[in-house]
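Understanding the architecture of this molecule
Each chain is listed here by its residues.
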Amino acid sequence: EGESYDVIALNIKMQAITGTDLKSYRTLLSSDISKGRETNPIQCVNAVDDEPEPRDYVYITKNCKTSDSFSIDTKMNSLHVCSCVERCVTDECECTKLSMKCWYDEEGKLTSDFNFADPPLIFECSEACSCNAITCRNRVVQRGLQQRFQLYKTEKKGWSIKTLRFIPKGSYVCEYVGEILTDIVADQRDDDSYLFDLDNRDTESFCIDAKFYGNFARFINHSCSPNLHPIKVFIDHQDLRFPRIALFAKNDIDAEEELSFDYGHKFWLVKYKSFTCHCGATDCKYS
Ligand SMILES: COc1cc2c(NC3CCN(Cc4ccccc4)CC3)nc(NCCCN(C)C)nc2cc1OCCCCCN
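So, here is what we can say about the structure in this document. (Residues numbered from 1 in each chain as written. Predicted model: local features only at pLDDT ≥ 70, side-chain atom pairs only at ≥ 80, totals over all residues. Heavy atoms only, no water.)

**Notes on the pattern of salt bridges**
Here the structure, examined in full by the defined rule, presents 22 salt bridges. The partner of R189 in a salt bridge is D209, and the shortest N-O contact between them spans 2.8 Å. Residue R189 is found in the loop between α4 (183-186) and β10 (195-198), and its partner D209 is found in strand β11 (residues 206-214); the two are separated by 20 residues along the sequence. You can call D209 buried: its relative accessible area is 0%. (Salt bridge = Lys/Arg side-chain N within 4 Å of Asp/Glu carboxyl O. Helix = DSSP H or I, 4+ residues; strand = E, 2+ residues; numbered from the N terminus. Buried < 20%, exposed > 50% of the residue type's maximum accessible area, 1.4 Å probe, protein only.)

Next comes the structure, spelled out in structure tokens:
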């Protein structure tokens, strides 16, 4: 684009030597924002402006606590376990009974009869189960990331996450990881842009806040017609106050497609005053 002769020459030379051109070199801000913490590296790319890689948070891969005002029941003897011998494929498996049935198919995708509109709680098998941790079918979220993602700068929605590979409908994509807060503490947070409510029917309710501590899911933007949906999953503990939030693909997602989930009315009730939705969906509700 009107580059001078010597920049073009440098470009050609760089492409020849490093296999990447100047432009993509200039836009690749990091080869792994998780700094080796995730199973696969997550690049950071900004081809839009000069904003550097976001560094105003601590990258974590498991939910964390920063207060002693509550504790999670992680006692091994609080867990309902299964006594399956091998693969937990029968409906006798006590863990899948807790979830009503095993919602995972042989490839670890949600079965086609899974109801995203009113999803059940999923109880995966745990350390305390007698089944085989490799062959057991009731273990998907605990196996971690299976795809390749990229953090990239968008024109109108700040940073966002895209998948670099095709993701079939029903696949587990990632967990919304952050700092677990009581509702009370969340209500005092100045910036509520990264909160996720763990709504609980009973009295005390908790939130996940990914502002100060979180994984790449903190950068996933809202859409009124999203391709991900949050599902509550229990793995190492079954303390119903603290479900883990697993984002599953609610339809096929093409390579290079932006990931999104519906933040819900609560988010827009607060944020509609500051900005409107740019999801571009035909049925966009907050533009
Ligand atoms: C913007 O999106 C959200 C805001 C939330 C929020 N905001 C409060 C508003 C009042 N100020 C008050 C305040 C303002 C200024 C300074 C201090 C305090 C403190 C933060 N509070 C709580 N839960 C704690 C309160 C619940 N209580 C009312 C029962 N949950 C929220 C979940 C949200 O999206 C969820 C979906 C988005 C998913 C992806 N991120």
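Now that the structure is up, let's keep going.
**Regarding the sheet that holds strand β14 (residues 244-249)**
The 4 strands lie next to each other as β5-β13-β14-β8, forming an open sheet whose pairing is mixed. Every other strand in the sheet has two partners, leaving β5 (122-123) and β8 (172-175) as the edge strands with one partner each. Relative to strand β13 (residues 228-234), β5 runs parallel, the two sharing 2 bridges. Across the sheet, the residue bridging to F123 is F234, located in β13. (Pairing = 2+ DSSP bridges.)

**Description of unusual backbone geometry**
A positive phi angle, close to 55°, is found at C88, a residue other than glycine. Examined against the element boundaries, C88 turns out to sit in the loop between β4 (64-65) and α3 (94-98).

**Description of the sheet that holds strand β7 (residues 159-163)**
Pairing is mixed in the open sheet, where 4 strands are placed in the order β1-β2-β6-β7. Both outer strands of the open sheet, β1 (28-30) and β7, are each paired with one neighbouring strand and no more. In this sheet, adjacent strand axes meet at a mean angle of 35° when their direction is disregarded. Inspection of the sheet shows strand β6 (residues 149-153) paired to β7 by 5 bridges, in the antiparallel sense. (Axes fitted to C-alpha atoms, helices over the stretch in contact; angles between N-to-C directions.)

**Points about the site of the ligand**
The local shell around the ligand holds 19 residues, among which D183, D192, L195, D197 and Y263 are the closest. In the model, a nitrogen atom of the ligand is placed 2.9 Å from a nitrogen or oxygen of the D197 side chain. Summarising the interface, the protein chains cover 72% of the accessible area of the ligand, which totals 890 Å² for the free molecule. Those elements that place two or more of their residues in the shell around the ligand are α4, β10 and α5 (265-271). Tallying contributions element by element places α5 first for the shell around the ligand, with 4 residues. In terms of residue class, the shell around the ligand is built from 9 nonpolar, 2 polar and 8 charged. (Near = heavy atom within 4 Å. Polar contact = N/O pair within 3.5 Å; in protein donor to acceptor, adjacent residues only side chain to side chain. Areas by Shrake-Rupley, 256 points an atom, 1.4 Å probe, with all protein chains shown as cover. Nonpolar A, V, L, I, M, F, W, Y, C, P; charged D, E, K, R; others polar.)

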